[in-house]
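# Secondary and tertiary structure notes
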Amino acid sequence: MTATPAWPPQSAPRLHVETQLGEGVAVPVDGNPAHYLISVMRVKPDDIVLLFDGRSGEWAARARDIRKRDLVLECISQTKPPEHVPDFWLCCAPIKKGRIDLIAEKACELGVARLQPVLTRRAVVDKLNLDRLHAHLVEAAEQCGRTALPELGEMTKLDALLKGWPADRHLFFADETGGAPLDATLRTHTGPAAFLVGPEGGFDPAEREAIRTTPGAVPVSLGPRILRAETAAIAATSVWMTINGDWS
C-alpha cells in the first residue's frame, strides 16, 4: 500500500507575510524572503510554502511565477486556525544586544502576547533597534510554528508604564528584596498578567517602591540564586505558561 504523503509537507518552508491570507489570495514575495525561497530553499513551481500573517492562521500556498528575484505564492488551503494567544505580557528593561535578542526569540517561542521594553534608571542600554527585535520575533515564529506574532511595544519609561497600568492586569515583578514564591502566587492570581524584569543592576529603591504601590503589582521571588535578566524573563514566562497559560 502506498503511504499517503503528509499534508502539509513537513519539509515545506514557512514564511511570515503582511498580506491578509485566504483561499485564492496571491501573495507577491520579493527581497530577502524571495532570495531565501528561490536561492536557499530552491523552491520550484507548484512547491508548497506555509504562510502566516498573524491573524488568519496558517495557509499552504503554491509557488508560481518564479523569477530571479521574486515569485508569487497562491493560498490553496488553511493548515492551522488562528492561534489562541494567552494574555501574558513580558515587560523587560533593555540589556546588551545579544541578550535582548535572546529574550525576544524565547518570548515568541514561549507564547507571549506582547513584548514591552521598559527603560529603568540602572539600564546600561537606553536605545533599542526595534526593527532588529521584530525580525527576531518573525524568525522565531516561523521556526516554532506560531501563527501570531507577539506585539512589540515602543520603549517606555518605567514611570510612564506604571502610570498607565491597566487595573485588571496583574503585574508580577522580580523583587530582589523579597517576594512571595512564584509558583504559589501564580496559582492564586489568575487572569490577564504581565511580568516585569529589571536590568542587570536591578531596580533602584525608588523604582521598587513605585512598582509595589502600583495597583495590581505583585512582588515575587525567583528562588535563592541571582539570575541574569534574560534568565529571569525566560524562567518566569515558562512558569506562567505552565500554570496559567497554554501549557496547562
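Everything quoted here is computed from the prediction, not taken from an experiment.

To continue, consider the overall build of the protein chain. Helix and strand counts for the protein chain stand at seven helices and 13 strands. Structurally, the protein chain occupies a C-alpha span of about 65 × 40 × 30 Å along its principal axes. For the protein chain, the proportion of its 248 residues judged to be buried stands at 44%. For the protein chain, long-range pairs separated by at least 24 residues make up 73% of all intrachain contacts whose partners lie at least 6 apart in sequence. About 12700 Å² of surface is accessible on the protein chain, with carbon and sulfur atoms providing 52% of the total. Here the protein chain carries 28 positive and 32 negative side-chain charges, and the mean point of each set is 4 Å from the other.

Time to look at the nonpolar core. Judged by nonpolar contacts, the single largest core of 32 residues is most densely connected at Phe88, Leu90, Ile103, Phe172, Phe195, Val197 and Trp240. Counting only elements with at least two residues in this core, the list comes to strand S6 (88-92), helix H2 (97-110), helix H3 (130-144), strand S10 (170-174), helix H5 (182-188), strand S12 (193-197), strand S13 (217-221) and helix H7 (229-243). With seven residues, the top contributor of residues to this core is H7. Within the second largest apolar cluster, 17 residues are counted, among which are Leu15, Val29, Ile38 and Val43.

Further remarks concern the side chain of Thr185. Structurally, Thr185 is set in helix H5. For Thr185, a relative accessible area of 5% translates into the label buried. Of note is the side chain of Thr185, whose polar atom sits 2.7 Å from the backbone oxygen of Pro181.

Counted residue by residue, strand S4 (residues 58-64) has five buried out of seven residues, so it is predominantly covered. By the bridge criterion, five bridges tie strand S3 (residues 48-52) to S4 in an arrangement that is antiparallel. Counterpart to Phe52 in the pairing with S4 is Glu58. As defined by bridge partners, S4 adjoins strand S5 (residues 71-80) across seven bridges and the pair is classed as antiparallel. Counted as the bridge partner of Ala63 is Leu73 from S5. Counting the residues that bridge the hairpin from S4 to S5 gives six residues, and of these Asp65 lies at a positive phi of roughly 50 degrees.

Turning our eyes to something else, we now look at a nonpolar patch on the surface. A cluster of nonpolar side chains, contributed by Tyr36, Val40 and Met41, occupies part of the molecular surface with about 240 Å² of accessible area. Mapped onto the elements, Met41 comes out in the loop between helix H1 (31-40) and S3. By relative accessible area, which is 33% here, Met41 ends up partly exposed.

Counted under the stated rule, the structure contains 17 salt bridges. When the shortest N-O distance is used, the salt bridge between Glu83 and Arg146 registers 3.0 Å. Of this pair, Glu83 sits in the loop between S5 and S6 while Arg146 sits in the loop between H3 and strand S8 (151-152), and the two are 63 residues apart along the sequence. What makes Arg146 buried here is its relative accessible area of 5%. Two residues, Glu151 and Arg114, come together in a salt bridge whose shortest N-O distance is 2.5 Å. Placement of the pair is Glu151 in strand S8 and Arg114 in strand S7 (residues 114-119), with a sequence separation of 37 residues. For Glu151, a relative accessible area of 47% corresponds to the partly exposed category. If you follow the salt bridges from partner to partner, you end up with Arg64, Asp65 and Glu74 in one network.

Here we come to H1. Those residues of H1 not exposed but buried are Ala34, Leu37 and Ile38. The buried side chains of H1 occupy one side of the element, clustering within an arc of 85 degrees when seen end-on. Buried residues along H1 sit in contact with strand S1 (14-16), strand S2 (26-29), S3 and S5. Phi turns positive, to about 55 degrees, at Arg42, one or two residues after H1.

Rules used throughout
Residues numbered from 1 in each chain as written. Predicted model: local features only at pLDDT ≥ 70, side-chain atom pairs only at ≥ 80, totals over all residues. Heavy atoms only, no water. Helix = DSSP H or I, 4+ residues; strand = E, 2+ residues; numbered from the N terminus. Buried < 20%, exposed > 50% of the residue type's maximum accessible area, 1.4 Å probe, protein only. Contact = heavy atoms within 4.5 Å. Areas by Shrake-Rupley, 256 points an atom, 1.4 Å probe, with all protein chains shown as cover. Lys, Arg positive; Asp, Glu negative; His and termini not counted. Charge placed at Lys NZ, Arg CZ, Asp CG, Glu CD. Core = buried A, V, L, I, M, F, W, Y, C linked by side-chain atoms within 4.5 Å. Polar contact = N/O pair within 3.5 Å; in protein donor to acceptor, adjacent residues only side chain to side chain. Pairing = 2+ DSSP bridges. Patch = residues over 30% accessible without salt bridge, like charges linked within 9 Å, V, L, I, M, F, W, Y side chains within 5 Å. Salt bridge = Lys/Arg side-chain N within 4 Å of Asp/Glu carboxyl O. Arc of directions from axis to C-beta.

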